[in-house]
Amino acid sequence: MRFLTWTIRIALFILLLAFAARNTETATLRFYFDLAWQAPLIVLLLAFFAAGALLGLLAALGAVLRRGREVARLRRELRTLARSGDAPTLPPPPAEG
């Protein structure tokens, strides 16, 4: 399985490298107020891909933090119940495999 994963990663890397090599022409990105940015097309694509990924991570950050606080609250509650002797019996964790 590990061999297949690395084969797919290497093939994807070679495909993206070939894509980058074929898109080196200068492209002009025009903004408002007569602002323009000239750069190779692949640099523009990479910059906007990175910006989109960053915005996606920031959008998901709130949910991740909320879940972390919920897990911490539930652990505190479980510890409190365990100290008082009212803790429910928990099933064993599932076996990994």
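About the criteria used
Residues numbered from 1 in each chain as written. Predicted model: local features only at pLDDT ≥ 70, side-chain atom pairs only at ≥ 80, totals over all residues. Heavy atoms only, no water. Pairing = 2+ DSSP bridges. Helix = DSSP H or I, 4+ residues; strand = E, 2+ residues; numbered from the N terminus. Phe/Tyr/Trp six-rings, centres within 6.5 Å; stacked < 30°, edge-to-face > 60°. Lys NZ or Arg CZ within 6 Å of the ring centre and 35° of its normal. Salt bridge = Lys/Arg side-chain N within 4 Å of Asp/Glu carboxyl O. Buried < 20%, exposed > 50% of the residue type's maximum accessible area, 1.4 Å probe, protein only. Patch = residues over 30% accessible without salt bridge, like charges linked within 9 Å, V, L, I, M, F, W, Y side chains within 5 Å. Areas by Shrake-Rupley, 256 points an atom, 1.4 Å probe, with all protein chains shown as cover.

Draft legend 1. Representation of the pairing of strand β2 (residues 36-40). Inspection of the sheet shows strand β1 (residues 26-30) paired to β2 by five bridges, in the antiparallel sense. Within the sheet, the bridge partner assigned to leucine 29 lies in β2 and is tryptophan 37. In this structure, the hairpin formed by β1 and β2 is closed by a connection of five residues, where phenylalanine 33 is found at a positive phi of approximately 60 degrees.

Draft legend 2. The packing of aromatic side chains, seen in detail. Scanning all chains against the criterion turns up zero aromatic pairs. Above the face of the tryptophan 6 ring, arginine 9 is positioned so that its terminal group lies 4.8 Å from the ring centre.

Draft legend 3. Main features of the pattern of salt bridges. Under the defined criterion, the tally for this structure stands at two salt bridges. Its salt-bridge partner being glutamate 70, residue arginine 73 comes within 2.6 Å of it at the nearest N-O pair. Of this pair, arginine 73 and glutamate 70 are both found in helix α2 (residues 41-84), three residues apart, which corresponds to roughly one turn of the helix. Among the residues examined, arginine 73 registers a relative accessible area of 35% and is labelled partly exposed.

Draft legend 4. Region of the structure containing a nonpolar patch on the surface. A contiguous nonpolar surface patch, about 860 Å² in accessible area, is contributed by Phe31, Tyr32, Phe33, Leu35, Trp37, Val43 and Phe48. Of note, tryptophan 37 is situated in strand β2. Judged by relative accessible area, which is 35%, tryptophan 37 ranks as partly exposed.

Draft legend 5. Representation of unusual backbone geometry. Of note in the backbone geometry, phenylalanine 33 takes a positive phi value of approximately 60 degrees without being a glycine. Mapped onto the elements, phenylalanine 33 comes out in the loop between β1 and β2. Phi at aspartate 34 takes a positive value of approximately 60 degrees, unusual for a residue other than glycine. Within the fold, aspartate 34 resides in the loop between β1 and β2. Among the residues examined, aspartate 34 registers a relative accessible area of 81% and is labelled exposed.

Keep in mind that these numbers describe shape and distance, not what the molecule does.
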